[in-house]
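So you can see what is in the structure, the chains are spelled out below.
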Amino acid sequence: MALRGLVKAGYISLFSAAIMLSGCGAEGNQTENAVVQQPSATTETNTSQAGNAAAEKRVVTDQFGEVEIPVQPKRVTALYREDYLVALGVTPIVQYYNPMWGKQDYLELEVPLLDVTGSIEALLASEPDLIITAGEGDAAQYENYSKIAPTYHITNEVLSDTRETLKTIADLVGLPEKAEQVLQDYESRIGQVKEELKSALGEESLVVLRMNVVDHSINIFGTKNIFIGELLYKDLELKAPAYAEAMTEGNMVLAEESLPELGADHIVLLPSNGTWEDEENAKALKEMLDSPIWKSIPAVKEGHVYPVERSYWQTGAITANFKKMDELLKLMAP
């Protein structure tokens, strides 16, 4: 099977010329300040006849086949998976951005944004030596990325497990030992938070809902949801209301007539876009909670509805999960 991920000289020359002509050289210079800062590591190198050192390569297998990547990549982008790089102490060269909902603000990265709905030339300008993609990328997009730099697409099986995703990304960037350290801290924190929440909540149930700002419909996250279910119901062993427990999908739109069946003692509520301080979102939230049907839910009756910041609740990555745990303790076990 032919190796993919090798940069094609003609392709790069063509796009580099287009970038220079369109004045994108400034953007390229910007990214020079966003070089990945990795812990120092000793890496063997191959020396050319001219005496120049060339980075060692290795072959790995991703969802689409075999790809040759650097052993110690220095300029990495992990689209929508920057959280894992941050947890490993690596700064990505760009951050995923989608105009429909923005970026993962909680990471507080000071790097250029990559509009994934825009031109691929913007990714070329960042000069990555490794691109990591995941579930939302298709084969055609993968091929385009592979013409820019070696591209690894995480399999859906790995993506469904936070720990395995961290280990995979750590291996790709040459930091497997760092992943082990991060996971030790992660497991320790889970154990501590689980005990405190168990003491505070007992057998009371908790569910996570999302208000979709476009039409004010409500999504419910069930026990099988990767972002919510793995941490809240598996790791922290929180009790899900029967409705969420019975769900066969990770998340689904909650029909209004099903609200009385929800029966949750505590509701974590996030918007699909923006913040709860946004005027439209704040107005919609108040109208929703004041409606008779919502007032029939135990959590609403008791004032146990917790509006939260959306960006780290809509991912199941390591840094985000630490933030979720901190917030759950603050809200329910002060």
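Residues numbered from 1 in each chain as written. Predicted model: local features only at pLDDT ≥ 70, side-chain atom pairs only at ≥ 80, totals over all residues. Heavy atoms only, no water.

### Topic: the sheet that holds strand β9 (residues 151–153)
Spatial strand order, β5-β8-β9: three strands in an open sheet with parallel pairing. The open sheet has two free edges, formed respectively by β5 (76–78) and β9, since each of these has just one partner strand. Neighbour-to-neighbour, the strand axes of this sheet turn through a mean angle of 15°, independent of strand direction. Sheet analysis places β5 next to strand β8 (residues 130–133), joined by three bridges and oriented parallel. Looking across to β8, one finds that Thr-77 is bridged to Ile-131. Where helix α5 (residues 139–146) meets the sheet, it contacts β8 and β9, and its direction lies at approximately 155° from that of β9. (Pairing = 2+ DSSP bridges. Helix = DSSP H or I, 4+ residues; strand = E, 2+ residues; numbered from the N terminus. Axes fitted to C-alpha atoms, helices over the stretch in contact; angles between N-to-C directions. Contact = heavy atoms within 4.5 Å.)

### As for the packing of helix α8 (residues 176–201) against helix α15 (residues 318–332)
The relative placement of two packed helices comes down to the angle between their axes together with the axis-to-axis distance. At a closest axis distance of 10 Å, the pairing of α8 and α15 adopts a crossing angle of 20°. With respect to their mutual orientation, α8 and α15 come out roughly parallel. At the point where α8 passes α15, the crossing takes the left-handed sense. Contacts between α8 and α15 pair Val-182, Leu-183, Asp-185, Tyr-186, Arg-189, Ile-190, Val-193, Glu-196, Leu-197, Ala-200 and Leu-201 from the former with Ile-318, Asn-321, Phe-322, Met-325, Asp-326, Leu-328, Leu-329 and Met-332 from the latter. A per-class count over the contact of α8 with α15 returns 14 nonpolar, one polar and four charged. (Parallel < 35°, antiparallel > 145°, perpendicular 65-115°, else oblique. Left-handed = near helix turned anticlockwise from the far one by under 90°. Nonpolar A, V, L, I, M, F, W, Y, C, P; charged D, E, K, R; others polar.)

### A look at the environment of Arg-58
Within the secondary structure layout, Arg-58 lies in strand β3 (residues 57–62). For Arg-58, a relative accessible area of 25% puts it in the partly exposed group. Note: C-alpha distance between Arg-58 and Val-71 (13 residues apart in sequence) is 6.1 Å. Residue contacts for Arg-58: discarding those within four places in its chain leaves Val-67, Glu-68, Ile-69, Val-71, Asp-171 and Leu-172. A polar contact is formed between the side chain of Arg-58 and the backbone oxygen of Asp-171, at a distance of 2.5 Å. (Buried < 20%, exposed > 50% of the residue type's maximum accessible area, 1.4 Å probe, protein only. Polar contact = N/O pair within 3.5 Å; in protein donor to acceptor, adjacent residues only side chain to side chain.)

### Observations concerning the pattern of salt bridges
According to the stated counting rule, one finds ten salt bridges in the structure shown. In this structure, Lys-103 engages Asp-105 in a salt bridge whose closest nitrogen and oxygen atoms are separated by 3.0 Å. Owing to a relative accessible area of 36%, Asp-105 belongs among the partly exposed residues under this scheme. Each of the salt bridges in this network shares a partner with another, and the network as a whole consists of Arg-163, Glu-187, Glu-230 and Asp-235. (Salt bridge = Lys/Arg side-chain N within 4 Å of Asp/Glu carboxyl O.)

### A word on the packing of aromatic side chains
How two aromatic rings sit relative to each other is given by the distance of their centres and the angle of their planes. Scanning the entire structure with this criterion turns up four aromatic pairs. An angle of 80° between the planes, with centres 5.9 Å apart, marks the rings of Tyr-106 and Tyr-312 as edge-to-face. Remark: Tyr-312 occurs in the loop between β14 (305–307) and α15 and Tyr-106 occurs in the loop between β6 (95–97) and β7 (113–115); sequence separation between them is 206 residues. Tyr-312 matches Tyr-106 in its accessibility class, with the two residues each being buried. For the ring pair Tyr-186 and Phe-322, a centre distance of 5.6 Å and an interplane angle of 75° mean the geometry is edge-to-face. Of the two residues, Tyr-186 is situated in helix α8 and Phe-322 in helix α15; the sequence distance between them amounts to 136 residues. With a relative accessible area of 23%, Phe-322 lands in the partly exposed category. Cation over ring: Lys-324 sits above Trp-313, and NZ or CZ is 5.9 Å from the ring centre. (Phe/Tyr/Trp six-rings, centres within 6.5 Å; stacked < 30°, edge-to-face > 60°. Lys NZ or Arg CZ within 6 Å of the ring centre and 35° of its normal.)

### Examining the packing of helix α7 (residues 162–172) against α8
One can describe the packing of α7 onto α8 by two numbers: an axis separation of 8 Å at closest approach and a directional angle of 160°. For the element pair α7 / α8, the angle class is roughly antiparallel. Here α7 runs over α8; the crossing is right-handed. Residues Thr-162, Arg-163, Leu-166, Lys-167 and Ala-170 of α7 form the contact with α8, whose own contacting residues are Pro-176, Ala-179, Glu-180, Val-182, Leu-183, Tyr-186, Glu-187 and Ile-190. Class assignment of the residues belonging to the contact of α7 with α8 gives a composition of eight nonpolar, one polar and four charged.

### Digging into a negative patch on the surface
The grouping of Glu-277, Asp-278, Glu-279 and Glu-280 at the surface amounts to a negative patch. Structurally, the position occupied by Glu-280 is in helix α12 (residues 279–290). Taking the relative accessible area as the measure of exposure, Glu-280 reaches 54% and is therefore exposed. (Patch = residues over 30% accessible without salt bridge, like charges linked within 9 Å, V, L, I, M, F, W, Y side chains within 5 Å. Areas by Shrake-Rupley, 256 points an atom, 1.4 Å probe, with all protein chains shown as cover. Lys, Arg positive; Asp, Glu negative; His and termini not counted. Charge placed at Lys NZ, Arg CZ, Asp CG, Glu CD.)

### Here's the deal with the side chain of Ser-126
Assignment of secondary structure puts Ser-126 in the loop between α4 (121–125) and β8. Here Leu-123 takes part through its backbone oxygen, which lies 2.6 Å from a polar atom of the side chain of Ser-126.

### Details of the confidence of the model for the chain
One rule of thumb: low pLDDT means the predicted coordinates there are not for detailed reading. When pLDDT is averaged along the chain, the result is 84, and 83% of the positions lie at 70 or above. Across residues 1–54, confidence stays below pLDDT 50; counting only partners more than four residues off in sequence or on other chains, it has 88 contacts. (pLDDT = per-residue confidence, 0-100.)

### Quick notes on the sheet that holds strand β11 (residues 218–221)
Whether parallel or antiparallel, the strands of a sheet pair through hydrogen bonds between backbone atoms. As summarised here, the arrangement of the five strands in space is β12-β11-β10-β13-β14, forming an open sheet in which the pairing is mixed. Since the sheet does not close on itself, it has two edges, and those belong to β12 (251–253) and β14, each with one partner. The mean angle between the axes of side-by-side strands here comes to 25°, regardless of whether they run parallel or antiparallel. Here strand β10 (residues 206–211) pairs with β11 via four bridges, running antiparallel. By the bridge assignment for β11, Leu-209 is matched with Ile-220.

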